[in-house]
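Results of the structural survey
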Amino acid sequence: MARRPVAWVAAIVLFAEAIGIALLNWFLGLVVDHQEMSLAGLDPRAMSVSAWIAGALFGLYLVLCAIVLARVAVRDRGPAGFGRILLISAAVVHGLLGAFSIGLVGWLAFVFMMVVLGLIVLTLVAYDRKEQTDGAGAGDAPAGPAEGGGAPQPV
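This one's a predicted model, so the numbers in the text were calculated from it and none came from an experiment.

**Remarks on the nonpolar core**
- Leu14, Tyr61, Cys65, Leu69, Leu87 and Ile120 are the most contacted members of the largest nonpolar core, which totals 19 residues.
- At the level of elements, helix H1 (3-35), helix H2 (44-75), helix H3 (82-104) and helix H4 (107-138) are the ones that each hand at least two residues to this core.
- The dominant element in this core, judged by the number of residues it contributes, is H2, at six residues.
- With sequence-adjacent residues up to four places away left out, Ile120 is seen in contact with Leu14, Leu87, Ala90, Ala91 and His94.

**Details of the environment of Gly59**
- When you line up the elements, Gly59 lands in helix H2.
- With relative accessibility at 7%, the residue Gly59 sits in the buried group.
- Spatially, the C-alpha atom of Gly59 lies 7.8 Å from that of Glu17, the residues being 42 residues apart in sequence.

**Structural notes on the side chain of Thr123**
- Secondary-structure assignment places Thr123 in helix H4.
- Once you skip the residues sitting within four places of it in the chain, Thr123 turns out to touch Val6, Ala7, Ala10, Leu69 and Val72.

**Considering the layout of surface pockets**
- Counted as a void, the largest pocket has a volume near 270 Å³.
- Around the largest pocket sit Glu17, Gly20, Ile21, Phe58, Leu97, Phe100, Ser101, Leu104, Val105, Ala109, Phe112 and Met113, which together line it.
- Here the element with the most residues in the lining of the largest pocket is H3; it accounts for four residues.
- Grouping the constituent residues of the lining of the largest pocket by class yields nine nonpolar, two polar and one charged.
- Taken as a whole, the second largest pocket holds about 160 Å³ of empty space.
- Lining of the second largest pocket is provided by Val68, Arg71, Val72, Arg75, Arg77, Gly78, Pro79, Ala80 and Gly83.
- When residues in the lining of the second largest pocket are grouped by element, the largest group, four residues, is from H2.
- Of the residues that constitute the lining of the second largest pocket, the class distribution is four nonpolar, two polar and three charged.

**Re the packing of aromatic side chains**
- Evaluation of the coordinates by the stated rule reveals two aromatic pairs.
- When the ring of Phe58 is compared with that of Tyr61, the centres are 5.9 Å apart and the planes differ by 25°; the resulting orientation is stacked. Of this pair, Phe58 and Tyr61 are both found in helix H2, three residues apart, which corresponds to roughly one turn of the helix.
- Judged by centre distance (5.4 Å) and plane angle (85°), the rings of Trp107 and Phe110 are edge-to-face. With Trp107 and Phe110 both in helix H4 and three residues apart, this pair spans about one turn of that helix.
- Accessibility expressed as a relative area gives 58% for Trp107, which makes it exposed.
- The ring centre of Tyr127 lies 5.7 Å from the NZ or CZ of Arg3, which sits over that ring.

Here is what the cut-offs are and how they apply
- Residues numbered from 1 in each chain as written.
- Predicted model: local features only at pLDDT ≥ 70, side-chain atom pairs only at ≥ 80, totals over all residues.
- Heavy atoms only, no water.
- Core = buried A, V, L, I, M, F, W, Y, C linked by side-chain atoms within 4.5 Å.
- Buried < 20%, exposed > 50% of the residue type's maximum accessible area, 1.4 Å probe, protein only.
- Helix = DSSP H or I, 4+ residues; strand = E, 2+ residues; numbered from the N terminus.
- Contact = heavy atoms within 4.5 Å.
- 1 Å grid on protein atoms, 1.4 Å probe; cavity = no way out; pocket = protein on both sides within 12 Å on 5 of 7 lines; lining within 4 Å.
- Points joined across faces, edges and corners; volume = space filled by probe spheres on them.
- Nonpolar A, V, L, I, M, F, W, Y, C, P; charged D, E, K, R; others polar.
- Phe/Tyr/Trp six-rings, centres within 6.5 Å; stacked < 30°, edge-to-face > 60°.
- Lys NZ or Arg CZ within 6 Å of the ring centre and 35° of its normal.

Shown next as structure tokens:
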């Protein structure tokens, strides 16, 4: 199965998405700042700074997810603990963003979000299945003398 290439592609796509999100929020912050727009009486400078901070935080979140996926691809082992939780949260975020993007942005954005969601979920499921089969195969039967396990143990 193509576990490693899928993990690499997912890492590259998430890294590119992180750059795109950061640049988009930087641009939106500049637009708000230059137009001196206000929402419900909020200071335009505060709105532009919050757009920049939100873009930086979400971009860093996606970069962290990309690093976890790259590490999975290099080690050829599934993520565990915090990395697994991080990737599951990224899958949920992409599912929700995909659902919202149909009405707000269009079908192309929805398709992109679903492709990223599919890459993340495929990586999680593929490595989960590999580890389950490796774990089940290791505990089925004791190793005999021909396999380097020494003398068979009494049951």
